[in-house]
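Structure at a glance
Spelled out from the first residue to the last, the chains are:
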Amino acid sequence: MRISVAADSLDGVAEQVVTALRERGHEVIPHGALSAEERDDWAWASESAARDVSEGRADQAVVCCWTGTGASIAANKVPGVRAALCVDAYTADGARKWNDANALAISLRLTSAVMLDEILDAWLAGRPSTDSADRANVAHLGEI
Ligand SMILES: O=C(CO)[C@H](O)[C@H](O)COP(=O)(O)O
């Protein structure tokens, strides 16, 4: 997959997100502090990655800031983007399954290197539920 990755600083696991995705065979499009040319504030960096998804340049995004909250809020403002702040593998699996989330938000403060690997494995293996109630919930997100 092509995965856009944004971070507002290189603290914590920011650069490990890029390395881990490339090791798993994905093409990474870097944004914010991960790019030499871009503004690195969380709202701008996360927006850039989310717009890649919204406009078809990327299949998914991973957006990071210190808490993960600002990055997820910014990404969720972009049409068609469903960003989920995930702190463990169960949440990441559920976000893909029940929310059909297409942007993974990560807290650089909370997420250890070990947890990041677990979260990414669950996220990348996850598939959206085909259950009609789950699909109805996801479809309604586009109507709110
Ligand atoms: O977690 C965040 C936003 O939700 C930011 O990473 C945090 O506010 C730090 O940003 P800055 O370095 O610009 O003060």
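Shown above is the structure to which this text applies.
This is a predicted model, so every value here is computed, not measured.

So, how was this worked out
Residues numbered from 1 in each chain as written. Predicted model: local features only at pLDDT ≥ 70, side-chain atom pairs only at ≥ 80, totals over all residues. Heavy atoms only, no water. Buried < 20%, exposed > 50% of the residue type's maximum accessible area, 1.4 Å probe, protein only. Helix = DSSP H or I, 4+ residues; strand = E, 2+ residues; numbered from the N terminus. Pairing = 2+ DSSP bridges. Right-handed = clockwise from strand over helix to strand, strands pointing away. Core = buried A, V, L, I, M, F, W, Y, C linked by side-chain atoms within 4.5 Å. Contact = heavy atoms within 4.5 Å.

1. Here's the deal with the pairing of strand β1 (residues 2-7)
The element β1 is extensively covered by neighbouring structure, given that five of its six residues are classed as buried. Note: β1 against strand β2 (residues 27-32), six bridges, orientation parallel. Bridge pairing in β2 links Ser4 to Ile29. The parallel pair β1 and β2 is bridged by helix α1 (residues 14-23), and the resulting crossover is right-handed. Where β1 and strand β3 (residues 60-65) come together, five bridges link them in parallel fashion. Its bridge partner being in β3, Ser4 is matched across the sheet by Ala61.

2. What about the nonpolar core?
Membership of the largest hydrophobic core comes to 27 residues, with the highest contact counts inside it found for Val5, Leu21, Val62, Leu104 and Ile106. Those elements that place two or more of their residues in this core are β1, α1, β3, α4 (89-97), β5 (103-107) and α5 (113-125). Per-element tally for this core: the top contributor is α5, with six residues. Not counting chain neighbours up to four residues away, the residues in contact with Val62 comprise Ile3, Ser4, Val5, Ala6, Val17, Leu21, Leu104 and Ile106. Residues Ala6, Cys65, Val81 and Ala103 belong to the second largest nonpolar core, which totals 17 residues.

Shape descriptors only; they carry no functional weight alone.
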